[in-house]
Amino acid sequence: MIRRIHPECAVEPADDNTLLDGTYSSDDLTYATVLAGAELYCDRRLVLGRPSELPEHLCQAGAGRRIIMHGMHSVVDWLSFAVWEDGVLIRSLSLSPDGGIQENIGKPYDFELPYWAGEHAVEPVPGWHNQDPCPLPFHPLDLGEEALRALFGFSVEGRSAPDDIDAEAVHLHGFRVTDPSGEEQAAREAAYAAALQAMGPPRRYRMGPDRTMHEVGPDNRSWCCFNSTRWRSQSLDRSGRLRSSDELSVAGGDRSRWAGRSEDDIENQVWIR
């Protein structure tokens, strides 16, 4: 199954995961499972900026069936999803605030229509630096969660709907899938190095009593990690560890998973280094 998707790669077993935590796999990792009438793969290499360029061998793997692609990245607020029916591309959308609309093919689905109609416009957050109006009529990640629920039956952020699939109960098999030539890994490391060189130093923010965001210095013990317009505000005790989860103020995430972590632990997971 995995070798059909990655025919030129070396495949070996890796730790398993769940659908809740395995949707964004690490480098060289693929999570997969077979469900009633469907095969599910979680692999960042399978999500494209232009879904219409899906490799032919993947189209052939889904011949006679529906193929659904879905990907999001909160650092650049990017969304991409697409649907093929028996090898024919029916709908493709790929966009981000900075990159604009990379691809928009086919008729929008009903779940998209309120977003294109401006019913979910992005409201500015007072206090963020260089906050220009969003060039899109909605936040891509908001539509991304809606698309994930409509196409796959669950979401990864926000409130769950009563009929959502319990993603934590869906078991995924893990595989380490690598390019034996090393070329893919080398290209990836070069891209990481170039991105790191282009980045400026991290900037930290704290929400004030007036509910606006204020930039704080590196020595301030209350801080906020953010990816674009999505943010998590944390509070540290004197030992530099997070307070208990019921004291945390977190937007768009599971508060309990941050409790007891050190500041460095959290920065390593939230900031792109």
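Presented here is an overview of the structure given in this document. The shown structure was predicted, so the numbers you read here are calculated from the model rather than taken from an experiment. (Residues numbered from 1 in each chain as written. Predicted model: local features only at pLDDT ≥ 70, side-chain atom pairs only at ≥ 80, totals over all residues. Heavy atoms only, no water.)

### Description of the packing of aromatic side chains
Working step 1: In this structure the tally under the stated criterion is four aromatic pairs.
Working step 2: Plain terms: the ring middles of Tyr-109 and Phe-111 are 5.7 Å apart, the flat faces sit at 15 degrees to each other, and that makes the pair stacked.
Working step 3: Judged by centre distance (6.0 Å) and plane angle (85 degrees), the ring pair of Tyr-115 and Phe-138 falls under edge-to-face. Placement of Tyr-115 in helix 4 (residues 113-116) and of Phe-138 in the loop between helix 4 and helix 5 (140-152) is noted, with a sequence separation of 23 residues between them. (Phe/Tyr/Trp six-rings, centres within 6.5 Å; stacked < 30°, edge-to-face > 60°. Helix = DSSP H or I, 4+ residues; strand = E, 2+ residues; numbered from the N terminus.)

### Quick notes on the sheet that holds strand 4 (residues 66-73)
Sheet strands associate in pairs through backbone hydrogen bonding, adopting either a parallel or an antiparallel arrangement.
Working step 1: Strand order in the open sheet formed by four strands is 4-5-6-7, with antiparallel pairing between adjacent strands. Lying at the two open borders of the sheet, with one neighbouring strand each, are strand 4 and strand 7 (100-105). For this sheet, the mean inter-axis angle between neighbouring strands, taken without regard to orientation, is 5 degrees. (Pairing = 2+ DSSP bridges. Axes fitted to C-alpha atoms, helices over the stretch in contact; angles between N-to-C directions.)

### Quick word on the side chain of Asp-164
Working step 1: For Asp-164, the position within the fold is in the loop between helix 5 and strand 8 (171-178).
Working step 2: Polar contacts involving the side chain of Asp-164 include one to the side chain of Arg-149, which spans 2.8 Å.
Working step 3: A distance of 2.9 Å separates a polar atom in the side chain of Asp-164 from the backbone nitrogen of Ala-161.
Working step 4: Discounting chain neighbours no more than four positions away, the residues touching Asp-164 are Arg-149, Gly-153, Phe-154 and Ser-155. (Polar contact = N/O pair within 3.5 Å; in protein donor to acceptor, adjacent residues only side chain to side chain. Contact = heavy atoms within 4.5 Å.)

### Comments concerning unusual backbone geometry
Working step 1: At Asp-28, a residue that is not glycine, the phi angle is positive and equals roughly 70 degrees.
Working step 2: Here Asp-28 shows up in the loop between helix 2 (19-22) and strand 2 (29-35).
Working step 3: Asp-28 gets classed as buried once you look at its relative accessible area, which sits at 11%. (Buried < 20%, exposed > 50% of the residue type's maximum accessible area, 1.4 Å probe, protein only.)

### Some words on the layout of surface pockets
Working step 1: Considering only enclosed or pocket space, the second largest pocket measures out at about 190 Å³ in volume.
Working step 2: Every residue lining the second largest pocket is counted, 14 residues in all, and those nearest its centre are Leu-20, Ser-155, Ser-160, Ile-165 and Ala-167.
Working step 3: Of the residues assigned to the lining of the second largest pocket, the class counts are seven nonpolar, three polar and four charged. (1 Å grid on protein atoms, 1.4 Å probe; cavity = no way out; pocket = protein on both sides within 12 Å on 5 of 7 lines; lining within 4 Å. Points joined across faces, edges and corners; volume = space filled by probe spheres on them. Nonpolar A, V, L, I, M, F, W, Y, C, P; charged D, E, K, R; others polar.)

### What to know about the nonpolar core
Working step 1: By size, the foremost hydrophobic cluster in this structure holds 12 residues: Leu-79, Phe-81, Val-83, Leu-93, Leu-95, Phe-111, Tyr-115, Leu-136, Phe-138, Leu-143, Ala-147 and Leu-151.
Working step 2: Ala-147 has contacts with His-70, Phe-81, Phe-111 and Phe-152, leaving out every residue within four places of it along the chain.
Working step 3: Residues Leu-46, Leu-48, Leu-54 and Trp-84 belong to the second largest nonpolar core, which totals 11 residues. (Core = buried A, V, L, I, M, F, W, Y, C linked by side-chain atoms within 4.5 Å.)

### Focus: helix 5
Working step 1: Look at helix 5: 17 Å from first C-alpha to last across 13 residues, which is about the 18 Å you get at 1.5 Å a residue.
Working step 2: Among all positions in helix 5, only Pro-140, Leu-141, Leu-143, Gly-144, Glu-145, Ala-147, Leu-148 and Leu-151 are buried.
Working step 3: Backbone geometry just downstream of helix 5 places Gly-153 in the positive-phi region, at approximately 90 degrees. (Expected span 1.5 Å × (residues − 1).)

### Focus on the pairing of strand 4
Working step 1: Here strand 4 runs beside strand 5 (residues 78-85); their pairing, made up of eight bridges, is antiparallel. By the bridge assignment for strand 5, Ile-67 is matched with Trp-84.
Working step 2: Connecting strand 4 to the antiparallel partner strand 5 that follows it, the hairpin turn spans four residues, and Asp-77 within it adopts a positive phi of roughly 55 degrees.

### Concerning the side chain of Asp-77
Working step 1: With respect to the helices and strands, Asp-77 occurs in the loop between strand 4 and strand 5.
Working step 2: The class of Asp-77 is buried, set by a relative accessible area of 3%.
Working step 3: A polar atom in the side chain of Asp-77 sits 3.5 Å from the side chain of His-139.

Spatial relationships are all this shows, so hold off on functional conclusions.
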